[in-house]
Amino acid sequence: MSTRREDRMQAVYTQLQTISRRASARSRRTAEPLTLVQHTLLNFIDGTPECRAIDIAGAMRLNRSTVSRQVGDLQAIGLIEVGAVTAEQTSRGQLLTLSKRGRELLDRSIRANHDELERRLSEWSDDEIDDLAAGLERFNADEERSPS
């Protein structure tokens with residue numbers, strides 16, 4: 001890889017890392033903050049009908065025990081509820097849903113991030129925002145097609 005290409009890759013990596021770090025810091029500044037992990041898991045559970053811990057582990061390429069611990073923590077602090085399952089469902093785990101408090105905190109976290117995004121992109125044209133969205137969609141689609 002050429003030095004110029006390496007420099008470009010490092011620049012992209014640095015910017016993505018900065019985005020992640022700032023989102024996490026922004027979340028901590030809210031009255032009842034969610035960690036990046038909590039936000040990510042709650043958002044996944046909210047967007048995945050009939051979600052189970054095994055679904056999270058598979059989608060995020062995480063160890064089942066890690067996800068189980070995180071789900072247990074979310075349940076212990078009242079952010080999710082674990083639903084009853086039928087006999088044929090027991091092999092796949094219990095259904096996870098957001099609790100009322102989990103919904104409130106996730107909504108607050110999403111709102112804080114959207115407000116900041118709106119502020120940061122307020123001087124961008126619609127075409128520039130469309131280009132950014134398309135580039136990020138392409139970047140994420142490439143990951144889905146060829147998982148590492």
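Numbering of residues starts from 1 in each chain and follows the order in which that chain's sequence is written. In view of the model being predicted, local features appear only for residues whose pLDDT reaches at least 70, and side-chain atom pairs are presented and counted only at 80 or more, with totals across whole chains, interfaces and linings using the full set of residues. Where side-chain values are given, they derive from all heavy atoms of the structure, hydrogens and water being excluded.

Q: Just to check I follow, could you spell out a negative patch on the surface for this structure?
A: Patches were defined on residues exceeding 30% relative accessible area and lacking a salt bridge, with like-charge contacts within 9 Å and nonpolar side-chain contacts (Val, Leu, Ile, Met, Phe, Trp, Tyr) within 5 Å. Surface accessibility in these figures is a Shrake-Rupley result with a 1.4 Å probe; residues are shielded only by whichever protein chains are displayed. For this analysis, a salt bridge means a side-chain nitrogen from Lys or Arg found within 4 Å of a carboxyl oxygen belonging to Asp or Glu. The charged-residue count follows a simple rule in which Lys and Arg add positive charge and Asp and Glu add negative charge, with His and chain termini not counted at all. Where a charge sits is defined by one atom per residue type, namely NZ (Lys), CZ (Arg), CG (Asp) or CD (Glu). Residues Asp126, Asp127, Glu128, Asp130 and Asp131 make up a contiguous surface patch of negative charge. Counting from the N terminus, the helices are DSSP H or I runs at least four residues long and the strands are E runs at least two residues long. Here Asp127 shows up in helix H6 (residues 126-145).

Q: Would you take a moment to explain the nonpolar core for this structure?
A: The tendency in soluble globular proteins is for nonpolar side chains to be buried side by side. Nonpolar cores were defined as sets of buried Ala, Val, Leu, Ile, Met, Phe, Trp, Tyr and Cys residues, with membership established by side-chain atoms within 4.5 Å. Burial here depends on accessible area, computed with a 1.4 Å probe over protein chains only, as a share of the maximum for the residue type. Under 20% is buried, over 50% is exposed, and the range in between is partly exposed. Judged by nonpolar contacts, the single largest core of 17 residues is most densely connected at Leu42, Ile45, Ile56 and Ile80. When residues of this core are traced back to their parent elements, those giving at least two are helix H2 (36-47), helix H3 (53-60), helix H4 (64-76), strand E2 (96-98) and helix H5 (100-120). Element by element, the count of residues in this core is highest for H2, at 4 residues. Contacts are assigned to residue pairs that have any heavy atoms within 4.5 Å of one another. Those residues within four positions of Ile45 in sequence are excluded, and the remaining contacts are Cys51, Ile56, Ile80, Leu96, Thr97 and Leu98.

Q: I would appreciate a short explanation of the confidence of the model for the protein chain in the present structure.
A: Note: predicted coordinates in regions of low pLDDT should not be interpreted at a detailed level. Known as pLDDT, the predictor's confidence for each residue is given on a scale from 0 to 100. Looking at the protein chain as a whole, its pLDDT mean stands at 87, while 87% of the residues score no less than 70. Confidence, read as mean pLDDT per element, is least for helix H1 (residues 3-28) in the protein chain (85) and greatest for E2 (96).

Q: So what exactly am I meant to see when it comes to the environment of Ser99 here?
A: The topology assignment puts Ser99 in the loop between E2 and H5. In this structure, the C-alpha to C-alpha distance between Ser99 and Gly78, residues 21 residues apart in sequence, is 6.7 Å. Setting aside residues up to four positions removed in sequence, Ser99 forms contacts with Gly78, Leu79, Ile80 and Glu81. There is a polar contact of 2.5 Å between the side chain of Ser99 and the backbone oxygen of Gly78. Whenever a nitrogen or oxygen atom comes within 3.5 Å of another N or O atom, the pair is scored as a polar contact, on the condition that within protein one atom can donate a hydrogen and the other can accept it, and that pairs from neighbouring residues in sequence are kept only if both atoms are in side chains.

Q: Just to check I follow, could you spell out H3 for this structure?
A: Along an α-helix, a turn takes 3.6 residues, which lines up residues three or four apart on a common side. For H3, the complete set of buried residues consists of Asp55, Ile56 and Ala57. Packed against the buried residues of H3 are H2, H4 and E2. In the segment just after H3, Arg61 is the residue with positive phi, at about 55°.

Q: In this structure, what is going on with a nonpolar patch on the surface? I would like to understand it.
A: Taken together, the side chains of Val12, Leu16, Ile19 and Phe139 define a hydrophobic patch exposed on the protein surface, amounting to about 370 Å² of accessible area. With 3 residues, the top contributor of residues to the nonpolar patch is H1. Residue class for Val12 comes out partly exposed when judged on its relative accessible area of 43%.

Q: How should I be thinking about the packing of H2 against H5 in this particular structure?
A: When two helices pack together, their arrangement is given by the angle between their axes and by how far apart the axes lie. Where helices are involved, their axes are fitted lines through C-alpha atoms of the stretch in contact, as for all axes, and angles between N-to-C directions lie from 0 to 180°. Where H2 contacts H5, the two axes come as close as 10 Å, and the packing angle between them is 110°. Taken together, the axis directions place H2 and H5 in an arrangement best described as roughly perpendicular. Contacts between H2 and H5 involve His39, Leu42, Asn43 and Asp46 from the former and Gly102, Arg103, Leu106, Ser109, Ile110 and Asn113 from the latter. When its residues are assigned to classes, the contact of H2 with H5 shows 3 nonpolar, 5 polar and 2 charged. Our angle categories are set so that under 35 degrees counts as roughly parallel, over 145 as roughly antiparallel, 65 to 115 as roughly perpendicular, and the remainder as oblique. In this classification, Asp, Glu, Lys and Arg are treated as charged, Ala, Val, Leu, Ile, Met, Phe, Trp, Tyr, Cys and Pro as nonpolar, and every other residue, Gly included, as polar.

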